Amino acid sequence: MQIVRTREELAAALRVAERPIGLVPTMGALHSGHAALIAAARAASGTVVVSIYVNPRQFASGTDVAAYPRDLDADAALARTAGADLIFAPDDATIYPPGETPPAIDPGPLAVRLEGAARPGHFAGVATVVTILFDLVTPDAAWFGEKDAQQLRVVEALAQRRGGPAIHRVPTVRDADGLALSSRNVRLTPSGRATALAIPRALQAATSAHASGATTAGEIRAAALAELRKGPALNLDYLDIAESATLAPIADEQPLATAVSGELLITIAAVVDGVRLIDACTLPVAN
Ligand code: AMP
């Protein structure tokens, strides 16, 4: 496995890379969730490229970017074991060359609500860096996690508008206690972590309510909220129930069978110990 940092080194490595090229974009601090993406890319690619770049443009405050964990040696070891061929670990000037205006990418209508509303400019930053990475790496396909459900949909729409690459979805990898793996989890205190467990429990409660015959979003929401209110108070930003493909919100009273085609997406965002956590699940809807 090779580690490259500049555009020139990347281009040289790609000139001799076997196609199809699979890309796994990350911000580093890699864990088993990232490993699942890399393994899925490995199974379908001649060359697997893992990008590691903490993109300042998708963070609102300088503080959060600075606090983001970084450990390239540990990341390289995990990526190699999971099946990466090439790590692209650029610095800011490589992604955003001084004096060059970055492409202005509209993240589209899927980026308006939820994280888009909570973090103004976040998805414009994501769309910009993903576009730059797609242009530099020229992947045939790229792998993204379902934990970041809205990001996944924004990137799928972006890739569709550009005519590629193919975007593959990877299910959320969780710790044994149910918490979705996230590079941010290392910043949770033990009691914060216990509080955060209400998030996967709420998703589980929503899933159970749906499985036992809930017919409205209101019933599903009530089951999830009951779980979120059981433990120590967490700072809930949103508990959202939407149509999975469009992210259109579903009114609590509306019968699901008439409101949704195919699938519901339930997303939760909450802040614990000053750490913003997001999680999501989908539920099939028969209509
Ligand atoms: P990040 O490094 O947090 O920007 O994440 C890079 C990619 O890994 C994104 O596509 C995420 O959705 C995905 N990812 C992060 N955490 C998980 C997880 N627990 N399970 C599956 N994919 C994940």
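Coordinates for the structure precede this section.
Residues numbered from 1 in each chain as written. Predicted model: local features only at pLDDT ≥ 70, side-chain atom pairs only at ≥ 80, totals over all residues. Heavy atoms only, no water.

(A) Representation of the site of the ligand. Taken together, the neighbourhood of the ligand is formed by 17 residues, with His34, Gly145, Asp148, Val173 and Leu181 sitting nearest. The separation between an oxygen atom of the ligand and a polar main-chain atom of Met27 is 2.9 Å. A distance of 2.8 Å separates a nitrogen atom of the ligand from a polar backbone atom of Val173. In isolation the ligand offers 490 Å² of accessible surface; the protein chains occlude 93% of this area. Looking at the shell around the ligand, the elements with two or more residues in it are strand E2 (21-26), helix H2 (32-44) and strand E5 (141-145). Among the elements that line the shell around the ligand, the one with the most residues is H2, at three residues. Taken together, the residues that form the shell around the ligand break down as eight nonpolar, seven polar and two charged. (Near = heavy atom within 4 Å. Polar contact = N/O pair within 3.5 Å; in protein donor to acceptor, adjacent residues only side chain to side chain. Areas by Shrake-Rupley, 256 points an atom, 1.4 Å probe, with all protein chains shown as cover. Helix = DSSP H or I, 4+ residues; strand = E, 2+ residues; numbered from the N terminus. Nonpolar A, V, L, I, M, F, W, Y, C, P; charged D, E, K, R; others polar.)

(B) Spotlight on the nonpolar core. Ranked by internal contacts, the top residues of the largest apolar core, which has 37 residues, are Leu10, Val49, Phe88, Ile95, Phe134 and Ile167. Mapped by element, the contributors of at least two residues to this core are helix H1 (7-15), E2, strand E4 (86-88), helix H7 (122-137), E5 and helix H8 (149-162). With nine residues, H7 is the single largest residue contributor to this core. Split by domain, the residues of this core number at least three in each of domain 1 (2-170) and domain 2 (183-282). Ignoring sequence-local partners within four residues, the contact set of Ile167 consists of Phe134, Ala142, Phe144, Leu152, Val155, Glu156 and Ala159. (Core = buried A, V, L, I, M, F, W, Y, C linked by side-chain atoms within 4.5 Å. Buried < 20%, exposed > 50% of the residue type's maximum accessible area, 1.4 Å probe, protein only. Domains from an automatic or database assignment. Contact = heavy atoms within 4.5 Å.)

(C) Molecular detail of the sheet that holds strand E6 (residues 166-170). Taken in spatial order, the six strands make up an open sheet running E1-E4-E3-E2-E5-E6, and their pairing is parallel. The sheet is open, and its two edges are formed by strand E1 (2-4) and E6, each paired on a single side. Taking each pair of neighbouring strands and ignoring which way they run, the sheet shows an average axis angle of 25°. Pairing geometry for E2 and E5, over two bridges, is parallel. Bridge pairing links Leu23 to Ala142 in E5. H2 contacts E2, strand E3 (47-52), E5 and E6 of the sheet and is inclined by roughly 155° relative to E5. The sheet contacts of H7 involve E2, E3, E4, E5 and E6, and relative to E2 the element is tilted by about 150°. (Pairing = 2+ DSSP bridges. Axes fitted to C-alpha atoms, helices over the stretch in contact; angles between N-to-C directions.)

(D) Main features of the environment of Arg70. Relative to the elements of secondary structure, Arg70 occurs in the loop between helix H3 (62-67) and helix H4 (72-82). Note on Arg70: relative accessible area 52%, which makes it exposed. When near neighbours in sequence (up to four residues on either side) are disregarded, Arg70 contacts Val54 and Val65. In this structure the side chain of Arg70 is engaged in a polar contact, spanning 3.1 Å, whose partner is the backbone oxygen of Val65.

(E) Here's a closer look at the packing of aromatic side chains. Inspection of the entire model under this criterion finds two aromatic pairs. Relative to Tyr96, the ring of Tyr53 lies with its centre 6.4 Å away and its plane at 55°, an arrangement referred to as tilted. Of this pair, Tyr53 sits in the loop between E3 and H3 while Tyr96 sits in the loop between helix H5 (92-95) and helix H6 (115-118), and the two are 43 residues apart along the sequence. Per residue, the accessibility class of Tyr53 equals that of Tyr96, and both read buried. Centre to centre, the rings of Phe59 and Tyr68 are 5.9 Å apart; their planes meet at 75°, and the pair counts as edge-to-face. Classification of Phe59 by relative accessible area gives buried; the value is 8%. For the cation-ring pair, Arg57 lies above Tyr96, with the distance from its terminal atom to the ring centre recorded as 4.7 Å. (Phe/Tyr/Trp six-rings, centres within 6.5 Å; stacked < 30°, edge-to-face > 60°. Lys NZ or Arg CZ within 6 Å of the ring centre and 35° of its normal.)

(F) Geometry of the sheet that holds strand E8 (residues 262-272). Taken in spatial order, the three strands of this open sheet run E7-E8-E9, and their pairing is antiparallel. Only two strands of the sheet have a single partner each, and these edge strands are strand E7 (235-243) and strand E9 (275-285). Averaged over all neighbouring strand pairs, the angle between strand axes comes to 10°, with direction disregarded. Relative to the sheet, H8 contacts E8 and E9, its axis offset from that of E8 by approximately 125°. Lying on the sheet, helix H10 (residues 198-211) is in contact with E8 and E9; it crosses E9 at an angle near 15°.

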